[in-house]
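Structural overview
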Amino acid sequence: MRDRDTAPPAPGFWTLAGVEGWERFAIHGTKSLLTLFLLTDLLARPGLPVAGLATLRAGIEGVTGTTTDLAFASQLYGLYGALTYLVLPLGGWIADHGQRRRPAMYVGAALMAAGMVALASRQGALIGLCLMIGGIGLLKGNLAAEVGTLRGRSGSERLFAAYLAFLNGGAMLGPLLGGWLTARMGFATAFAAMAGSMIVAMLLLRTAPRVAPAASPVGGDRRVDWARVIPAIVAVTLCFCAYEQLSNIVLVWAKARVALSVHGFAIPPSWLIAADGLFTIILALAAYRLWPRLAARGAEPSSGIKLALGGVAIMLAYGVLALLSAGVSTGSGRIGLGGPLAAILLLDIGVVLAWPAALAIVTTAAPPARRGTMTGLFYLHGFVAHLAVGQLGTLYPGMSQPGFWMIHAALALAGAAVALLIPRGQAMTTSTSPSAAA
């Protein structure tokens with residue numbers, strides 16, 4: 001038992017995880033610069049012809065009415081972010097239908113690199129965003145699907161925990177380096193660096209061994225096990241509708257209510273997101289080592305239980321924010337960093353429990369030929385969460401802060417409750433063998 005559970009990942013996993021790190025470096029680096037790029041560069045130069053931008057703005061204003069530059073930039077940012085998730089099922093279906101996942105991933109990486117070059121050119125910025133959306137659709141979900149197929153002698157949940165660490169490493173470093181390059185050399189240099197990272201990703205992908213689909217057991221059912229898939233996707237979506245508020249209104253709240261300084265050094269609110277990434281990396285690597293040890297003792301929770309516990313941790317995080325907000329509203333003044341950092345740590349515990357468990361459930365509940373499509377469906381939780389976070393954020397100015405955070409706690413608790421509906425006997429754990437998981 002112990003030898004099997006502590007076996008290293010199948011060959012190629014670390015290479016694919018490295019590709020994911022470079023991909024997220026580019027995605028999050030570009031995303032962190034987009035609104036500022038629109039406001040301070042493209043929209044600040046009325047004479048700069050940007051292909052399609054005026055037409056798009058006119059179309060949006062035809063629905064919403066005349067908007068300020070800030071409102072338009074925010075709308076374009078939200079539209080871009082939502083579409084990068086919406087196209088993932090299509091990208092997975094394309095790879096599954098043609099049974100050529102690796103070529104689809106190469107095309108996706110190439111489209112992303114071309115998109116960032118177009119952003120650097122300024123005049124082709126909108127075309128660049130379209131190329132980015134298409135490239136992400138072909139690469140992101142199919143990369144995760146290939147990792148799920150590559151579980152070998154190690155459970156896919158354990159692999160996805162390590163995968164989450166690489167994901168957050170890229171997501172943390174991309175904005176840091178992108179912001180530094182922008183400040184020193186301008187947006188064009190930063191976008192060119194992001195394009196270069198995708199070239200590195202393509203070269204790295206070339207070194208990864210081809211992944212053979214995991215064999216299904218003799219006589220195994222090749223249909224999707226929707227009894228597991230549907231509650232897993234609903235549960236992780238509810239959890240992320242709460243979690244994603246961290247990068248939105250939590251930062252607004254922290255700027256107004258938290259003493260963001262250490263020994264006189266002012267801390268930008270955005271650095272809380274860097275703390276989120278760092279905590280997630282540490283916790284994900286700890287989970288990668290912990291689950292096999294618990295499995296060896298027969299004490300590892302099922303995937304459904306892990307997902308439910310993740311929802312509970314996120315609920316507790318927003319409970320902490322509600323308590324902190326209640327203290328501030330009664331006149332206790334600004335609060336120290338300890339409370340918000342404790343809330344972020346709880347959020348990250350929730351993510352490390354919920355995200356790998358839900359993704360493992362979805363990928364192992366589908367036959368290998370449909371895993372790209374199913375992984376794309378899983379990633380739609382990001383599409384829904386981005387839309388929900390934006391709408392929930394509009395409630396913040398008009399209600400009590402503790403009440404606002406308790407709405408998010410309720411969403412996470414609902415996710416935990418739905419996770420308990422996943423058939424326990426079928427929910428895969430780290431120690432599940434490949435044949436049993438198929």
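Each value, and the rule that gives it
- Residues numbered from 1 in each chain as written.
- Predicted model: local features only at pLDDT ≥ 70, side-chain atom pairs only at ≥ 80, totals over all residues.
- Heavy atoms only, no water.
- Helix = DSSP H or I, 4+ residues; strand = E, 2+ residues; numbered from the N terminus.
- Buried < 20%, exposed > 50% of the residue type's maximum accessible area, 1.4 Å probe, protein only.
- Contact = heavy atoms within 4.5 Å.
- Areas by Shrake-Rupley, 256 points an atom, 1.4 Å probe, with all protein chains shown as cover.
- Salt bridge = Lys/Arg side-chain N within 4 Å of Asp/Glu carboxyl O.
- Phe/Tyr/Trp six-rings, centres within 6.5 Å; stacked < 30°, edge-to-face > 60°.
- Lys NZ or Arg CZ within 6 Å of the ring centre and 35° of its normal.
- Core = buried A, V, L, I, M, F, W, Y, C linked by side-chain atoms within 4.5 Å.
- Expected span 1.5 Å × (residues − 1).

1. So, the overall build of the protein chain
Within the protein chain, the secondary structure is distributed over 18 helices and 2 strands. Taken across its 438 residues, the protein chain has 54% of its residues classed as buried. Contacts in the protein chain between residues far apart in sequence, at least 24 positions, make up 85% of those at least 6 positions apart. Of the roughly 17,700 Å² of accessible surface on the protein chain, a fraction of 68% belongs to carbon and sulfur atoms.

2. What to know about the pattern of salt bridges
Enumeration over the complete set of coordinates arrives at 5 salt bridges. One salt bridge connects Arg 122 with Asp 41, and the closest N-O pair in it is separated by 3.0 Å. Of the two residues, Arg 122 is situated in the loop between helix H6 (101-121) and helix H7 (125-149) and Asp 41 in helix H2 (residues 13-42); the sequence distance between them amounts to 81 residues. Here Arg 122 matches Asp 41 in class, with each residue buried. Several salt bridges share partner residues, and in doing so they unite Glu 20, Glu 23 and Arg 24 into one network.

3. Examining unusual backbone geometry
Negative phi characterises most residues that are not glycine, and trans characterises most peptide bonds. Positive phi, normally seen in glycine, also occurs at Arg 122, with a value near 70 degrees. Phi angles above zero are rare outside glycine, and His 263 is one such case at about 55 degrees. Among the secondary structure elements, His 263 is positioned in the loop between strand E1 (261-262) and strand E2 (265-266). Classification of His 263 as exposed rests on a relative accessible area of 85%.

4. Looking at the packing of aromatic side chains
Using the criterion set out here, one finds 15 aromatic pairs in the structure. Seen in terms of ring centroids, Phe 240 and Tyr 243 are 5.3 Å apart; in terms of plane orientation they differ by 65 degrees. Their pairing is edge-to-face. Residue Phe 240 and its partner Tyr 243 are both found in helix H10 (residues 226-243); the two are separated by 3 residues, about one turn of the helix. Side by side, Phe 240 and Tyr 243 carry an identical accessibility label, which is buried. Each member of the aromatic cluster is reached from another via a ring pair, and the members are Trp 253, Tyr 318, Tyr 396, Phe 404 and Trp 405. Here the guanidinium or amino end of Lys 140 rests over the ring plane of Tyr 379, the centre of that ring lying 5.2 Å away. One residue, Lys 306, lies across the ring of Trp 291, its end atom 3.9 Å from the ring centre.

5. Details of the nonpolar core
Residues Met 116, Tyr 163, Met 198, Trp 253, Leu 307, Trp 355 and Trp 405 are the most contacted members of the largest nonpolar core, which totals 126 residues. At 14 residues, helix H14 (residues 338-364) tops the list of elements feeding residues into this core. Those residues in contact with Leu 307 that lie beyond four places of it in its chain are Ala 232, Ala 235, Val 236, Leu 353, Ala 354, Ala 357, Ala 358, Ala 419 and Ile 422.

6. A closer look at helix H4 (residues 69-86)
Taking 1.5 Å per residue, 18 residues should reach 26 Å; H4 reaches 25 Å between its end C-alpha atoms and fits that length. Looking only at H4, the buried set comprises Phe 72, Ala 73, Leu 76, Tyr 80, Gly 81, Ala 82, Thr 84 and Tyr 85.

7. Section: the environment of Met 116
Assignment of secondary structure puts Met 116 in helix H6. With relative accessibility at 0%, the residue Met 116 sits in the buried group. When near neighbours in sequence (up to four residues on either side) are disregarded, Met 116 contacts Ala 26, Thr 30, Met 132, Phe 191, Met 194, Ala 195 and Met 198.

8. Examining the side chain of Arg 24
The residue Arg 24 is located in helix H2 in this model. Arg 24 sits in the buried class, given a relative accessible area of 5%. Ignoring any residue separated from it by four or fewer positions in sequence, one finds Arg 24 in contact with Gly 29, Lys 140, Leu 167, Gly 170, Ala 171 and Tyr 379.

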